[in-house]
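# Fold and contact review
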Amino acid sequence: MVGYPEVSAASLALIERLNAHGVRASVLTKGPLPAELLDPRFDRGNTLGISLVSLDEGFRARFEPGAAPYRERIAALARLHAAGRRTLVHIEPYPTPNIVQQEIGPLLSAVAFVDELYFGGWNYSPLPGEPGRRDSFYHEQARIVRAFCRRQGIRATVGS
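To keep things clear, this report deals only with the structure shown in the data block.

The five strands are arranged S1-S2-S3-S4-S5 in an open sheet whose pairing can be described as parallel. One side of each edge strand has no neighbouring strand; the edge strands of this open sheet are strand S1 (26-29) and strand S5 (155-158). In this sheet, neighbouring strand axes are inclined to one another by 15 degrees on average, regardless of whether the strands run parallel or antiparallel. With five bridges connecting them, strand S3 (residues 86-94) and strand S4 (residues 116-121) associate as parallel partners. Across the sheet, the residue bridging to tyrosine 94 is glycine 121, located in S4.

This is the structure:
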């Protein structure tokens, strides 16, 4: 966790212990994944992922205070992927245009290297707006995500 080295150390120790017993780990964070995950004591089959719903740092400051800047998350994930680790990105809960104005294309392009991608809507509060418009928006975004993942050879799990 960003700003809590003791949590990062404990997380790495737990992953190492799981791996030592033949259990692969799946990690998801809003921080930069540590380079230590490249160490041979960690199973190459672990799945290493980040949560990323925008490239807009103003959005991050408002809705993800304390989370690592997007550029740092993506760079750390890309380094792990380049070293042969299994990587994923969770693009959920993806915000509607009334929350932040953005196109999904640049976000997808920023993580085009990942092995796996999860996409889903913002379903836990009324903030995304009226259900009909929200659903229509998410159906269109899901279509874009599916097409992108097919072109890139990325395994996708897409909700709408």
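On to helix H1 (residues 5-20). Under the 1.5 Å per step criterion, the end-to-end length of H1 is 22 Å for 16 residues, consistent within 8% with the ideal 22 Å. Looking at H1, one finds that the buried residues are Leu12, Ile15 and Asn19. The arc that holds the buried residues of H1, viewed along the axis, is 65 degrees, so those residues lie on one side. Along H1, the residues that are exposed and aim more than 90 degrees away from the buried face are Leu14, Arg17 and Ala20. Contacts made by the buried residues of H1 are with S1. Positive phi shows up at glycine 22, right after H1, with a value of about 80 degrees.

Glancing now at the pairing of S3. Examined bridge by bridge, strand S2 (residues 47-51) and S3 share five bridges and lie parallel to one another. Across the sheet, threonine 47 pairs through a bridge with arginine 86, a residue of S3.

Residue proline 93 follows glutamate 92 across a cis peptide bond; omega there is 0 degrees. Tracing the backbone shows proline 93 in strand S3.

Next up on the list: the nonpolar core. Considering soluble globular proteins, one finds that nonpolar side chains tend to be buried as a cluster. Membership of the largest hydrophobic core comes to 37 residues, with the highest contact counts inside it found for Leu117 and Phe119. Listing elements by their share of this core, those giving two or more residues are H1, S2, helix H3 (70-82), S3, helix H4 (104-110), S4 and helix H5 (131-152). At six residues, the largest contribution of residues to this core is made by H5. Excluding residues within four positions of it along the chain, leucine 117 makes contact with Val89, Ile91, Leu108, Val145, Cys149, Ile154, Arg155, Ala156 and Thr157.

Parameters and conventions
Residues numbered from 1 in each chain as written. Predicted model: local features only at pLDDT ≥ 70, side-chain atom pairs only at ≥ 80, totals over all residues. Heavy atoms only, no water. Pairing = 2+ DSSP bridges. Helix = DSSP H or I, 4+ residues; strand = E, 2+ residues; numbered from the N terminus. Axes fitted to C-alpha atoms, helices over the stretch in contact; angles between N-to-C directions. Expected span 1.5 Å × (residues − 1). Buried < 20%, exposed > 50% of the residue type's maximum accessible area, 1.4 Å probe, protein only. Arc of directions from axis to C-beta. Contact = heavy atoms within 4.5 Å. Core = buried A, V, L, I, M, F, W, Y, C linked by side-chain atoms within 4.5 Å.

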